[in-house]
Amino acid sequence: MTRRKFLGWIGAAAGAGAVMGGSASAASTKHFKGYPGSLGVLHDITRCIGCRQCERACNTVNALPEPQQPFDDLSVLNQERRTTSHAYTVVNRFQGEDKAHPTFVKIQCNHCLEPACASVCFVKAFRKDRTGAVTYDASLCVGCRYCMIACPFNIPAYEYNKAFTPRVMKCTLCLPRIEKGLLPGCVASCPKEALTFGPREKLIKEARRRIQRFPQTYVDHIYGETEMGGTSWLYLSARPFGELGMREDLGIQPAPSLTAGPLSAVPIVVGLWPVLLTGIYAISRRKDQIAAQERIEAIAATVADANEEMKVKLAELKDKMNKEKEAAINLEVKKALEEAAKPSEAEKQPAEEIGAAEKRKEEK
Ligand code: SF4
Ligand code: SF4
Ligand code: SF4
């Protein structure tokens, strides 16, 4: 199922719910405003210089592998990137009218207040923690990847290259560091203080203060304050967010209200929901297993063919070597026979010389 289809499906479900009963749409207008005192990060895009130090720090604190292109290679900014299983955060460059001053935007999981990833996860592998972090428990994950389809920010990445127990990978808000009283790795490493960590409410106040103080510098909007019901990462910018690859079409409704509303209005669907998802998961899992089995069989057949070919080639090679060896031996034998057939020095001496030598012996 593609992201577009899935979101379209959510939209259709929301529409159906609105038709089925007023309670569904009423329920969807109320949403969670975040745990009191929960934490977040304010990314002031106007301060970011695109140095990628945050990317480096993120890989270090999360023990992620070194990238193919080193962190000090800024040519990676020539292409817009997304997060991967080896990069929980990436910085992208956006060229504006002022070519000399591009804009840099850091992206990672936004730790939504009501996460779409958690709402579609029927085994509850994703959870919104009281700290503000959206956590992921790999031991519960069944690998259905609905979270990837549901995320409106296109963030979770899957370990496709891992044969056993692949995980969904994304920014953790550095929860293990926060619990020890440390700053998230990226925040601690930013040389321009483009990232500020703290209680979300305080970050919103600080963002408003900056906008009021420097109205010429900032657009009058805090991205993440209300988008999709609000996120723990917040953004300030000098340029409209739509010019910076950030979605402006998300609205203020949290994703779960789009599914919870219609689902709560139709009790039978509530009961069927996990069954339905489990069924879809089982089918996709079966497809994956069949595909994996086919891959294994194809590899085995290729290896068998290669072995057969190798055997034939080895036999041909052996035959050729034997023939060459035989030819070399024959040549040596022929040379030896020719050598042996040649007359010796003595045999070459003329008969008169022999007669004269014998006569000289008699005279003595
Ligand atoms: S470390 Fe700070 S300035 Fe450098 S790219 Fe990251 S957010 Fe921007
Ligand atoms: S940004 Fe995506 S992955 Fe992160 S909490 Fe929100 S929905 Fe989940
Ligand atoms: S909060 Fe931690 S995991 Fe998230 S982007 Fe920053 S360093 Fe990476």
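In the block above lies the structure referred to throughout.
Parameters at a glance
Residues numbered from 1 in each chain as written. Chains lettered and ligands numbered in written order. Predicted model: local features only at pLDDT ≥ 70, side-chain atom pairs only at ≥ 80, totals over all residues. Heavy atoms only, no water. Helix = DSSP H or I, 4+ residues; strand = E, 2+ residues; numbered from the N terminus. Contact = heavy atoms within 4.5 Å. Areas by Shrake-Rupley, 256 points an atom, 1.4 Å probe, with all protein chains shown as cover. Phe/Tyr/Trp six-rings, centres within 6.5 Å; stacked < 30°, edge-to-face > 60°. Buried < 20%, exposed > 50% of the residue type's maximum accessible area, 1.4 Å probe, protein only. Disulfide = S-S within 2.5 Å. Salt bridge = Lys/Arg side-chain N within 4 Å of Asp/Glu carboxyl O. Core = buried A, V, L, I, M, F, W, Y, C linked by side-chain atoms within 4.5 Å. Near = heavy atom within 4 Å. Nonpolar A, V, L, I, M, F, W, Y, C, P; charged D, E, K, R; others polar. Pairing = 2+ DSSP bridges. Axes fitted to C-alpha atoms, helices over the stretch in contact; angles between N-to-C directions. Polar contact = N/O pair within 3.5 Å; in protein donor to acceptor, adjacent residues only side chain to side chain. Patch = residues over 30% accessible without salt bridge, like charges linked within 9 Å, V, L, I, M, F, W, Y side chains within 5 Å.

Things to note about the overall build of the chain
In terms of helices and strands, the chain carries twelve helices and nine strands. For the chain, the proportion of contacts with a sequence separation of at least 24, taken over those separated by at least 6, is 61%. Roughly 22,000 Å² of accessible area belongs to the chain as shown, and the carbon and sulfur atoms make up 58% of that amount.

Digging into the packing of aromatic side chains
Tallying each qualifying case throughout the model produces five aromatic pairs. Where F126 meets Y136, the ring centres are 5.1 Å apart and the plane angle is 40°; that geometry is what we call tilted. One end of the pair, F126, is in strand β4 (residues 126-128); the other, Y136, is in strand β5 (residues 134-136), with ten residues separating them in the sequence. The exposure class of Y136 is partly exposed, given its relative accessible area of 22%.

Comments concerning the state of the cysteines
Overall, the coordinates contain zero disulfides when judged by the stated rule. No disulfide involves C141; its sulfur sits 6.4 Å from the nearest other cysteine sulfur, which is in C147.

Brief notes about the pattern of salt bridges
By the definition in use, this model includes 15 salt bridges. Notably, a salt bridge pairs R167 with E159, separated by 2.8 Å at the nearest N-O pair.

Some details on the nonpolar core
Counting residues in each nonpolar core, the largest one holds 45 residues, and the members touching the most others are I45, F153, L195, Y223, W233, Y235 and M246. For this core, the leading source of residues is helix α5 (residues 146-150), giving three residues. Among residues more than four places away in sequence, those in contact with W233 are V41, K106, Q108, C109, N110, H111, L173, C186, L195, Y223 and G224.

Description of the site of ligand 1
Close contacts around ligand 1 come from C48, I49, G50, C51, R52, Q53, C54, V91, C190, P191 and K192, and that covers them all. Looking at the shell around ligand 1, its residues break down into seven nonpolar, two polar and two charged.

Details of the sheet that holds strand β8 (residues 195-199)
Strand order in the open sheet formed by three strands is β8-β1-β9, and the pairing between neighbours is mixed. At either margin of the open sheet sits one strand with a lone partner, and together these are β8 and β9 (233-236). Neighbour-to-neighbour, the strand axes of the sheet open up by a mean angle of 25°, direction not taken into account. Pairing analysis gives five bridges linking strand β1 (residues 39-44) to β8, with the strands arranged antiparallel. Counterpart to G40 in the pairing with β8 is G198.

Structural notes on the environment of D44
Inspection of the secondary structure assignment puts D44 in strand β1. Taking the C-alpha atoms as reference points, D44 and V105, separated by 61 residues in sequence, lie 9.0 Å from one another. Filtering out sequence-adjacent residues up to four positions away, D44 remains in contact with A194, R210, Y218 and L236. Within polar-contact distance, the side chain of D44 engages the side chain of T46 at 2.5 Å.

A few points about the pairing of β9
Judged by which residues are buried, β9 turns out to be covered on both faces: W233 and Y235 on one side and L234 and L236 on the other are all buried. As paired strands, β1 and β9 are joined by four bridges and run parallel to one another. Bridging across to β9, H43 finds its partner in Y235.

Looking at a nonpolar patch on the surface
There is a patch of nonpolar side chains on the surface, built from M310, L314, L317 and M321 and spanning about 420 Å² of accessible area. Positionally, L314 belongs in helix α10 (residues 267-341).

Digging into the environment of Y235
By secondary structure assignment, the location of Y235 is in strand β9. A C-alpha to C-alpha distance of 9.6 Å links Y235 and I204, two positions 31 residues apart in sequence. Among residues more than four places away in sequence, those in contact with Y235 are L42, H43, I45, K106, Q108, N110, H221, I222, Y223, F241 and M246. Within the local environment of Y235, its side chain forms a polar contact with the side chain of Q108, the two groups lying 3.0 Å apart. There is a polar contact of 2.6 Å between the side chain of Y235 and the side chain of N110.

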